[in-house]
Amino acid sequence: MKVALVHEWLTVIGGSENVFKEIASLYPNADIFTLVARDETIKALNLSNHKITTSFIQKLPFAKTKYRSYLPLFPLAVEQFDLSGYDLVISSSHAVAKGALTNSNQLHICYCHSPIRYAWDLHHQYLKESGLNKGVKGFVAKYLLHRIRAWDIISTNRVDHFIANSNYIAKRIKKIYGRESTVIHPNVATEDFLPVYKKSDYYVTCSRFVPYKKIDLIVQAFAQMPDKKLFVIGDGPDFKKVSKLAKSNTILLGHQPFHELKRYLAEAKAFVFAAEEDFGILPVEAQACGTPVIAYKKGGALESVIENKTGIFFDEQSVESIKQAVEWFDVNKSFFNYNEIVTHAAGFSTERFKKEILDYIISKKT
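Below, the structure is looked at part by part. (Residues numbered from 1 in each chain as written. Predicted model: local features only at pLDDT ≥ 70, side-chain atom pairs only at ≥ 80, totals over all residues. Heavy atoms only, no water.)

1. Quick look at the overall build of the protein chain
Our working rule: Every helix listed is a DSSP run of H or I at least four residues long, and every strand listed is a run of E at least two residues long, numbered separately from the N terminus. Only protein chains enter the area calculation, which uses a 1.4 Å probe; residues under 20% of their type maximum are buried, those over 50% are exposed, and those in between are partly exposed. Note on contacts: a residue pair qualifies if any of its non-hydrogen atoms lie within 4.5 Å across the two residues. Only the protein chains shown count as cover for residues, with accessible areas throughout obtained via the Shrake-Rupley method and a probe of 1.4 Å. We score Asp and Glu as negative and Lys and Arg as positive, and we do not count His or the chain ends. Think of each charge as sitting on NZ of Lys, CZ of Arg, CG of Asp or CD of Glu.
Secondary structure assignment for the protein chain yields 15 helices and 13 strands. Taken along the three principal axes of its C-alpha coordinates, the protein chain extends 60 × 50 × 40 Å. Relative to its full complement of 366 residues, the protein chain shows a buried share of 55%. Pairs at least 24 residues apart make up 62% of the contacts formed inside the protein chain by residues separated by at least 6 positions. By element, 53% of the accessible surface of the protein chain is carried by carbon and sulfur atoms, the whole surface being about 16800 Å². One finds the centroid of the 47 positive side-chain charges in the protein chain at a distance of 5 Å from the centroid of its 38 negative side-chain charges.

Structural data, given as structure tokens:
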């Protein structure tokens, strides 16, 4: 059986790239198709042994770093991949990968991380934050996103079976595409984290500093709790903005190497998570260390955190809601069993993911 794997881009390593890495490990002889790739990313993901084909976008100016600027060309680019010689096509899609052209003799399975967020759920937020909500440029951007939404719906018919990375995304697939999907939670390298049972006197959060992650709300909440210490790991466009909100009890560490991230997660009293994520890898990584999670009660966190057993939830993305949750946890933290938290996190392991993916694909081939 000839297998083709399709992923949007291989330029940076995030949650979707780690999922793609494990899918690719199941098919070491598969060919990989991606819009743009960087050699160092391919090497870091252990994909060097695969034949990798990139799109015409790879040759455009600054494509390896500014590839999102070519968004209007993505649908055309993914349709140029000739997949006609393959029996099985697996797309790993959070934008356009699922739109690769296949025929009726091929099996196309899509692992959907999310329908295109900036064209659907985050449409208005994306335009506002990009300064494209008015004027001529705004009109052009709105028209292009309208065209992408239309293409996104049309290209859904090229997929035989959808896998969703969470129940939250399965609902969005049903809402936007009108398609059913099977949920297989993404892989988390829980085996790379060691539990620590003697916690230090601080809280931790980690994220890319972009608006929807709501790091600013967490920092503002701790500004009102001077007796509680917070470490913030990560970097991004909003770093300066968040820095101005921080008081002396909050330490912004910027980007940290993996071994330092693990240490901060393992020794923290709790991990604070305020984003509405499709799934959310970091809350599971924190739990793999035996660290409870304080999370926003929406999105994928509802599937990875067990309320009052492996963490607690707050109801609103607001300073007051976060503050109340942290203060409640500080009083009741002794109720949490670290071994129970670690055992729960192990259910999201890489080996579990690979087995579920392979079993699912085999079931669709027969």
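Here the narrative resumes.
2. Comments concerning a nonpolar patch on the surface
We count it as follows: Each patch is assembled from residues with relative accessible area greater than 30% and no salt bridge, linking like charges that lie within 9 Å and nonpolar side chains (Val, Leu, Ile, Met, Phe, Trp, Tyr) that lie within 5 Å. Any carboxyl oxygen of Asp or Glu that lies within 4 Å of a side-chain nitrogen of Lys or Arg is treated as forming a salt bridge with it.
Taken together, the side chains of Val136, Phe139, Val140, Tyr143 and Leu144 make up a nonpolar region of the molecular surface, amounting to roughly 510 Å² of accessible area. Secondary-structure assignment places Val140 in helix α6 (residues 135-155).

3. Re the sheet that holds strand β5 (residues 107-112)
Heads up, the condition is: The pairing criterion is simple: DSSP has to find at least two bridges between the two strands. To obtain an axis, a line is fitted to C-alpha atoms, over the contacting stretch when the element is a helix, and the angle between two such axes runs from 0 to 180 degrees between their N-to-C directions.
Spatially, β3-β2-β1-β4-β5-β6-β7 is the arrangement adopted by the seven strands of the open sheet, whose pairing is parallel. The open sheet has two edge strands, β3 (51-54) and β7 (181-183), and neither has a second partner. The sheet shows a mean angle of 25° between the axes of neighbouring strands, direction not considered. With four bridges joining them, β5 and strand β6 (residues 161-164) adopt parallel strand pairing. Within β6, the residue paired with Ile109 across the bridge is His161. Lying over the sheet, helix α15 (residues 350-365) contacts β4 (88-93), β5, β6 and β7, oriented at roughly 150° with respect to β5.

4. Observations regarding the pattern of salt bridges
What the rule picks out here adds up to 16 salt bridges. Glu277 is the salt-bridge partner of Lys213, the closest N and O atoms lying 2.1 Å from each other. Separated by 64 residues along the polypeptide, Lys213 in the loop between β8 (203-206) and α8 (215-223) and Glu277 in the loop between β11 (270-273) and α11 (281-288) bring together distant segments of the chain. Where salt bridges share partners, they join Asp201, Asp227, Lys228, Lys269 and Asp330 into one cluster.

5. Quick look at helix α10 (residues 258-267)
Along α10, the residues that are buried comprise Glu260, Leu261, Tyr264, Leu265 and Ala266. Looking at the buried positions of α10, the neighbouring elements they touch are β8, β9 (230-233), β10 (250-254), β11 and α11.

6. Brief notes about unusual backbone geometry
A positive phi angle, near 60°, is found at Asn46, a position not held by glycine. The backbone phi angle of Asn308 is positive, close to 65°, even though this residue is not glycine. Locating Asn308 in the fold gives a position in the loop between α12 (301-304) and β13 (311-314).

7. Re the state of the cysteines
Definition in use: Count a disulfide wherever a pair of cysteine sulfur atoms falls within 2.5 Å.
Applying the stated criterion across every chain yields a total of zero disulfides. Of the cysteine sulfurs around Cys110, a residue in no disulfide, the closest is that of Cys112, at 5.0 Å. Relative accessible area serves as the criterion here: at 0%, Cys110 is assigned to the buried category. Lacking any disulfide linkage, Cys206 is separated from the closest cysteine sulfur, that of Cys289, by 12 Å.

8. Regarding the packing of aromatic side chains
The cut-off we apply is this: Planes of paired rings set the category: under 30 degrees apart is stacked, over 60 is edge-to-face and the rest tilted, where pairs are Phe, Tyr or Trp rings (Trp by its six-membered ring) whose centres lie within 6.5 Å. Both a distance and an angle decide whether a charge sits over a ring: NZ of Lys or CZ of Arg must be within 6 Å of the ring centre and within 35 degrees of the ring normal.
Per the stated rule, a full pass over the model turns up 18 aromatic pairs. Centre to centre, the rings of Phe279 and Phe348 are 5.8 Å apart; their planes meet at 50°, and the pair counts as tilted. Linking Phe279 in the loop between β11 and α11 with Phe348 in the loop between α14 (338-345) and α15, this pair joins segments that are 69 residues apart in sequence. Here the two residues Phe279 and Phe348 agree in accessibility, since each one is buried. Here a set of aromatic residues connected by ring pairs shows up, and it is made of Tyr203, Phe222, Phe329 and Phe336. Over the aromatic face of Tyr338 sits the side chain of Lys199, whose NZ or CZ is 5.2 Å from the ring centroid.

9. Considering the sheet that holds β10
Taken together, six strands build an open sheet; the order of strands is β10-β9-β8-β11-β12-β13 and the sheet is parallel. The outermost strands of the open sheet, each flanked by one partner alone, are β10 and β13. Averaged over neighbouring strand pairs, the angle between their axes works out to 25° when direction is ignored. Across four bridges, the pairing between strand β12 (residues 293-296) and β13 is parallel.

10. Details of α14
The cut-off we apply is this: By arc we mean the arc of the directions from the helix axis to the C-beta atoms, nothing more.
Along α14, the residues classified as buried are Ile341, His344 and Ala345. The arc that holds the buried residues of α14, viewed along the axis, is 100°, so those residues lie on one side. In this structure, the buried residues of α14 make contact with α11 and α12.

11. Comments concerning the environment of Arg172
With respect to the secondary-structure elements, Arg172 resides in helix α7 (residues 167-177). Considered as a pair, Arg172 and Ser200 are 28 residues apart in the sequence and their alpha carbons are 39 Å apart. In contact with Arg172, other than residues within four places in its own chain, are Ser114, Pro115, Arg117, Asp121, Tyr177 and Asp278.

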